[in-house]
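Letter by letter, the chains look like this.
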Amino acid sequence: MTMTGGFELRPGLGDARSSSVRLGSMIYVQIKEQLLEGTYAAGQRLQVEALKSQFQVSKQPVMEALRRLSGEGLVDIIPQVGCEVCRYSPQEVVDFFRFFAGMEGILAEVAADRRTEAQLQQLEQVESLIADLRGEADADRRSHGYRVHNRQFHAIVHEMSRSTIMAATCERMFDLSDFLINTTGTHTPLSDALDGRHADHERIIAALRSHDGAAARREIERHISGTVDIIRLEAGPSAVDKKTPNGARPA
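Since we're looking at a predicted model, the values are computed, not measured.

A.B. asks: I tried to follow the packing of aromatic side chains on my own but got confused; where do I start?
C.D. replies: Geometrically, a pair of aromatic rings is defined through the distance of the ring centres and the angle of the planes. Evaluated as defined, the whole model comprises three aromatic pairs. With centroids separated by 5.0 Å and ring planes inclined at 90 degrees, the aromatic side chains of F100 and F174 adopt a geometry described as edge-to-face. Here F174 lies in helix 7 (residues 164-182) and F100 lies in helix 4 (residues 90-114), a separation of 74 residues in the sequence. When its relative accessible area of 0% is taken as the criterion, F100 is described as buried. Taking relative accessible area as the criterion, F174 reaches 2% and is therefore assigned buried. An aromatic cluster of three or more residues is present, and its members are F96, F97, F100 and F174.

If you want it as structure tokens, here you go:
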């Protein structure tokens, strides 16, 4: 408690609410990172009581975090039942990566015209870290390292576009991309695909360096949409079976 002008100030409901929101934001970040890393499997139940115990908080900030994650398509809050990690049908995965590839392609086309030399150097530095990962013997380290550095790589391309709206939209889509990749059933996704991913990035950098917007768009679209083929190879055809009859989430 504090004293101001002779009056004692007591925490009010607004302070309690603000504290809950801050806690909820911190919990949201931690659960989201676990979801993007594949700590939870698609369809796995998230127990609120267990999360309360894990983070040593009350129910309210946990629910604040879960509601935000639900709005981003990462968890499902089922009334009177509970909360579970989202499950998407194989067709939805295919459709998402086609759509995501188109969005990233448009952004890369713009970036090719607006990029700076300093940004290109940053891009090359990040790509050198991905190149080094190819020599890493541990598959877990390769998988995690690629996810981290790939996000850095594309974040720089987003900055090159100088378009806040496009960059923010693609950033949110990258969250869902990482989530889908890491909930396909394989424990170390993309860990054996680094040679091809590195080569993709090299072609993207070359197109950006030459201000070739059409090539940048083509290369990044191929890079993103090709993720589906890698998932199919690593997790089996059922993970992204294009013959799924509809886009509904499985029960």
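A.B. asks: Can you help me understand empty space enclosed by the protein in this one?
C.D. replies: Leftover empty space is mapped by rolling, across the atoms, a probe with the size of a water molecule. Tallied over the full model, the rule gives one cavity of 30 Å³ or more. Within the residue set of the lining of the largest cavity, elements represented by two or more residues are helix 4, helix 6 (139-161), helix 7 and helix 9 (213-225). For the lining of the largest cavity, a count of residues per class yields eight nonpolar, seven polar and three charged.

A.B. asks: What should I look at first to understand the layout of surface pockets in this one?
C.D. replies: In this structure, the largest pocket spans a volume of roughly 210 Å³. Forming the boundary of the largest pocket are 15 residues, of which E37, G38, N182, T186 and H187 lie nearest the centre. Top contributing element to the lining of the largest pocket by residue count: helix 6, with four residues. A breakdown of the residues in the lining of the largest pocket according to their chemical character gives four nonpolar, eight polar and three charged.

A.B. asks: Whenever I open this one, the sheet that holds strand 5 (residues 82-85) confuses me. Can you help?
C.D. replies: Pairing between sheet strands relies on hydrogen bonds along the backbone, with the strands arranged either parallel or antiparallel. Taken together, the three strands give an open sheet; going across it, the order is 3-5-4, and neighbouring strands pair in antiparallel fashion. Pairing within the sheet leaves two strands with one partner each, and these edge strands are strand 3 (45-46) and strand 4 (75-78). As judged from the four bridges shared by strand 4 and strand 5, these two strands associate in the antiparallel manner. Along strand 5, the bridge assignment pairs I77 with C83. Contacts from helix 3 (residues 59-71) reach strand 3, strand 4 and strand 5, with the element oriented near 115 degrees to strand 4.

A.B. asks: Hey, could you run me through the pattern of salt bridges in this one?
C.D. replies: Two side chains of opposite charge can pair, provided their charged atoms sit close to one another. Under the definition given, this model contains 22 salt bridges. With its nearest N and O atoms 2.9 Å apart, the salt bridge here joins R217 to E109. Remark: E109 occurs in helix 4 and R217 occurs in helix 9; sequence separation between them is 108 residues. Residue R142 is joined to D192 by a salt bridge in which the shortest nitrogen-to-oxygen separation is 3.1 Å.

A.B. asks: Honestly, the packing of helix 4 against helix 6 in this entry has me stumped. Any pointers?
C.D. replies: When two helices pack together, their arrangement is captured by the angle between the axes and the distance separating the axes. Axis separation between helix 4 and helix 6 bottoms out at 7 Å; the angle between their running directions is 60 degrees. By the angle between their axes, helix 4 is oblique relative to helix 6. The hand of the helix 4/helix 6 crossing is left-handed. Of helix 6, the residues touching helix 4 (which contributes E104, L107, A108, V110, A111 and R114) are H154, V157, H158, M160 and S161. A per-class count over the contact of helix 4 with helix 6 returns six nonpolar, three polar and two charged.

Procedures and definitions
- Residues numbered from 1 in each chain as written.
- Predicted model: local features only at pLDDT ≥ 70, side-chain atom pairs only at ≥ 80, totals over all residues.
- Heavy atoms only, no water.
- Phe/Tyr/Trp six-rings, centres within 6.5 Å; stacked < 30°, edge-to-face > 60°.
- Helix = DSSP H or I, 4+ residues; strand = E, 2+ residues; numbered from the N terminus.
- Buried < 20%, exposed > 50% of the residue type's maximum accessible area, 1.4 Å probe, protein only.
- 1 Å grid on protein atoms, 1.4 Å probe; cavity = no way out; pocket = protein on both sides within 12 Å on 5 of 7 lines; lining within 4 Å.
- Points joined across faces, edges and corners; volume = space filled by probe spheres on them.
- Nonpolar A, V, L, I, M, F, W, Y, C, P; charged D, E, K, R; others polar.
- Pairing = 2+ DSSP bridges.
- Contact = heavy atoms within 4.5 Å.
- Axes fitted to C-alpha atoms, helices over the stretch in contact; angles between N-to-C directions.
- Salt bridge = Lys/Arg side-chain N within 4 Å of Asp/Glu carboxyl O.
- Parallel < 35°, antiparallel > 145°, perpendicular 65-115°, else oblique.
- Left-handed = near helix turned anticlockwise from the far one by under 90°.

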